Amino acid sequence: RRRGIMVGERTQLIGRGEHGGEGGERLKVRSMLASHLFSKRYSKILVLPSLMLLLCLGAVMFIVDRNWKSPTSLLSIPIPMLPIRKQEKAQRYILYQDWRGTSLESIDKWTFSHKWQGSLELGETEMKKVSPPELSLEVSELENDKTSLTALGEKLHQTFKISLEGSWNQMQASTLHEHLEELCKPVEKSGQSATEICGIEGETHWKIHDGLLVDDASAVGTDILIAKSAFDFAAAQAAKLDGESGVVRSHKLQFALMKILTNWGQKEKVVNQILQRKFGSQLDVDVGYIDLTSVTTYEDRERFQAFKAPELLFMMESWSLLPKHLHKVEGLKYVVRRQQGLNHPYYGPTTAVSWPTNMDNSYQEYMDYSFNNDGYTSRHLFIHEKTHFFWGRMWDDQMKKDWEAAGSWKEKGNDFWMTDQTIPFASDYGASNNPDEDIAECMAAYVLHPMLLQARAPVKEEFIRKHIMRDTRYLERPIFTFDIDNREPYRRYPPSVNHIDIRVEGDPNDDKTVEMKMLVDVGHGWHSPIHAEVTVSGPNGGSKTLNLYPDPVEEENGGLITMRATEVFSKYCENGFWSASQIKMVDKIGSERWIKVDQYSWRLYLNNGMGTTWAPRYLPQTLKLEKSLEKDDESGLNYPVVKATIRYQQTGAPLDKTSPVWMRLASKPNSNRGGMNEAEWDGSGTSSYSYPQYQKGECVQDTNSWDGSCTVSWKLSPYSAAGHYYVSMIQLKDIASNTRNQFFTQQKPGWTCCGRVGNTPNDEFPVLTDLQQCAKGTKISPDNICVEQDVSPPILDHESIRIQVEPMQASEPDGASV
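Residues numbered from 1 in each chain as written. Predicted model: local features only at pLDDT ≥ 70, side-chain atom pairs only at ≥ 80, totals over all residues. Heavy atoms only, no water.

> Give me the lowdown on the sheet that holds strand β8 (residues 217–220), citing residues and values where you can.
Here 4 strands make up an open sheet; going across it, the order is β6-β7-β9-β8 and the pairing mixed. The open sheet has two edge strands with one neighbour each: β6 (162–164) and β8. Each strand axis lies, on average, 25 degrees off the axis of its neighbour in the sheet, ignoring direction. With 5 bridges joining them, strand β7 (residues 204–209) and strand β9 (residues 223–227) adopt parallel strand pairing. Its bridge partner lying in β9, Lys 207 is registered against Leu 225. (Pairing = 2+ DSSP bridges. Helix = DSSP H or I, 4+ residues; strand = E, 2+ residues; numbered from the N terminus. Axes fitted to C-alpha atoms, helices over the stretch in contact; angles between N-to-C directions.)

So, in structure tokens, the structure goes:
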């Protein structure tokens, strides 16, 4: 049955986060009176309705195992939720015990409650103290280039058309030549020259700059400046790190050269050449997008576009940070980017997706979310996603098993993984998924934030260093640092949970009030948590995040802190058990603990007679755009306003009251006033430094109708990029958190595949409204709605930054500082 009882590898009724017995074994459940207990080999179960009521209602399903004498592990006993007639007043109870503790449930027509009490054995209590690594340089015994400065200057000019000017020494010239060769040297029998590979067209003049430079480089015409500090450790230098001998090397010069050679990512052809030579990957999808995605999402090229220039720099820099034996990996031939403003057709608002084992020459794809946050996030994602190819195509089964053992990962069936570890993870994403995602997060942290991984997960850090990185280590060398004085820093992790109380109240045709209480043990020197976070998911869709906070009334009692949350679930939310995969505990200094579902007992049931999974839908061809002006009283400036209106239809629950609709407004260049040509659509947008703007809107339902109208408005800067503006995506959401998307792309008529999954309709052609560059001598006005375009990013003056730290208790510093 769709909602029947599945006792085995997965207990569907309990929810996606809970499991039945291991290995698909079935267990024998017998009806029993209050005094009856299982054999010691089985968990103790107590069912407490009257026998007559139990037989009438069928409150417990009987499952007979032909081989029930074999020992099994009882995880939990599900309750089949059968309709209860109005005259039935008695409650049903079930008590079960397992390694997590004891749980008691009760159910009637109006209420559902689940109480769990247990004791988690917390071996992970304190963060490892990590001292700053000690680097000491040694007298170099490395073989250095003995070529004279004059000869090096001639080689640079002959090979790369570079003229050295100003004060250069032999080491700097030699290092510059070495790095340029690594980036531009032709592959044997390629027939290309270094100048062709790196797009060098004419002679350039290079000088060394003594001060700080943004990006360690600048280019004005043919004049190139390189920051002197970029040469620090640019050539390998003998050194000792924490007493271990090796060599130390920096990537700063290489990154600066990548920017100069590619014109800060603008020369896509040069980027593609470097990616192919250095990493074995390419941007050009020469097989076509339909063939590339034929076994994944099956989409045409209209769903994809070119990368923006800074995004390409992030890609090259991130992969360059990896050791050379990890530069190339089998199968990663293509790297693609989705059209701006679109969610992924399968995974929604995700950042990136890798397909390592789907085909011989496979690909990665990246979305806006990968780049519109900060540079650290972008670099993190490029390393994270490449690690999936290492996992799928490079590492053998034994290495994977060793990693699973390091993280105590165990597969519970159908690629569902659990671990009893609650601390040693690089992030909550790695903690909540599987060993593949865990190692991808840890690899990115190992490279970009090594001290974080050493403190949180020293065993995993050592594993990566020895088994993957071949003892390559990374040092964090920020430009600006400051010291916090704390004689006794707090290193303990947040406490764990030993009691969960969930209560749901409400008639089947009413909204449900869900009250959740946790008792947290802080009696062993832990900081009190500032909040706990639990995300719950419906049986087939919809989700809510519950945030629990310390109860100000119930003070600490015997080392226990009470945390509470109250949330109203709509009567239209899907009927059934809502699952939770983990609890995240956060304390006042930001330390986190992630507790997986098999460490506690969670059951939340919504008895919703009106529950639905039908999402509202956009009515085809109803999107309209109009532009106007809004004057800002404070600045006196006129702001362009773009307003979108659509028609929608309610198919299940009413629309959400706070966020019924949101849209993204994107833009492309408008060289062709009659519409958007193919090259403009395929391009990266109007600016390398701006992304589609997300905006919520309002909806009004027609009288006596399921249909209605929605409006979303964007107040744009008068300095916005000029171009074709269009809505790239619409999302409608109902009160039960069911959503439906509508994409707008330049699809060919009759094309119906394009990643169509679930209830996602076919794409529509974009509706355009133009914002032109204001003509010279004209101003923006109601009769002349235009923009004074500014697409250059602001530049930070590093030398202007000053940091001052003052302890709040100077006599006995405890870390609290201003």
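From this point, things continue past the structure.
> Describe in detail helix α3 (residues 170–184), supporting the description with residues and values.
For α3, spanning 15 residues, the distance from its first C-alpha to its last is 21 Å, which sits close to the expected 21 Å at 1.5 Å a residue. Every buried residue belonging to α3 is among Gln 172, Ala 173, Ser 174, Thr 175, Leu 176, His 177, His 179, Leu 180, Leu 183 and Cys 184, and all of these are buried. In this fold, the buried residues of α3 make contact with α2 (149–160), β6, α4 (194–197), β7, α5 (252–261) and α6 (268–279). (Expected span 1.5 Å × (residues − 1). Buried < 20%, exposed > 50% of the residue type's maximum accessible area, 1.4 Å probe, protein only. Contact = heavy atoms within 4.5 Å.)

> Please provide a residue-by-residue account of the side chain of Ser 250, values included.
Tracing the backbone through its elements, the reader meets Ser 250 in the loop between β11 (244–248) and α5. In terms of polar contacts, Ser 250 uses its side chain to reach the backbone amide nitrogen of Lys 252, at 3.1 Å. Excluding anything up to four places from it in sequence, Ser 250 contacts Asp 232, Phe 233 and Ala 234. (Polar contact = N/O pair within 3.5 Å; in protein donor to acceptor, adjacent residues only side chain to side chain.)

> Let's hear about the sheet that holds strand β14 (residues 352–355): which residues, and what values?
Each strand in a sheet pairs with another by means of backbone hydrogen bonds, the pair being arranged parallel or else antiparallel. Taken together, 4 strands build an open sheet; the order of strands is β12-β13-β15-β14 and the sheet is mixed. Each having just a single partner strand, β12 (304–305) and β14 make up the two edges of the open sheet. Bridge count between β14 and strand β15 (residues 362–366): 4 bridges; the pairing is antiparallel. Paired with Val 353 across the strands is Glu 365, a residue of β15. Lying on the sheet, helix α9 (residues 375–394) is in contact with β13 (332–338), β14 and β15; it crosses β15 at an angle near 155 degrees.

> An account of unusual backbone geometry is needed here, citing residue identities and associated values.
Even without a glycine there, the phi angle at Lys 161 is positive, about 60 degrees. Within the element layout of this structure, Lys 161 appears in the loop between α2 and β6. A relative accessible area of 31% means that Lys 161 is categorised as partly exposed. The backbone of Gln 621 shows a phi angle near 60 degrees, a positive value even though the residue is not glycine. Residue position: Gln 621 is located in the loop between β26 (617–618) and β27 (624–631).

> Break down the packing of α3 against α5 for me, citing the residues and quoting the values.
Working note: a packed helix pair is described by the angle between its axes plus the distance between those axes. Running from amino to carboxyl end, α3 crosses α5 at an angle of 60 degrees, the nearest separation of the two axes being 10 Å. One way to sum up the angle between α3 and α5 is to call them oblique. Pair α3 / α5 crosses with right-handed handedness. For the pair α3 and α5, contact is made by Thr 175, Leu 176, His 179, Leu 180, Glu 182, Leu 183 and Cys 184 and by Leu 253, Gln 254, Leu 257, Met 258 and Leu 261, respectively. Residues that form the contact of α3 with α5 fall into these classes: 8 nonpolar, 3 polar and 1 charged. (Parallel < 35°, antiparallel > 145°, perpendicular 65-115°, else oblique. Left-handed = near helix turned anticlockwise from the far one by under 90°. Nonpolar A, V, L, I, M, F, W, Y, C, P; charged D, E, K, R; others polar.)

It is worth stressing that arrangement in space is one thing and function is another; only the former is reported here.
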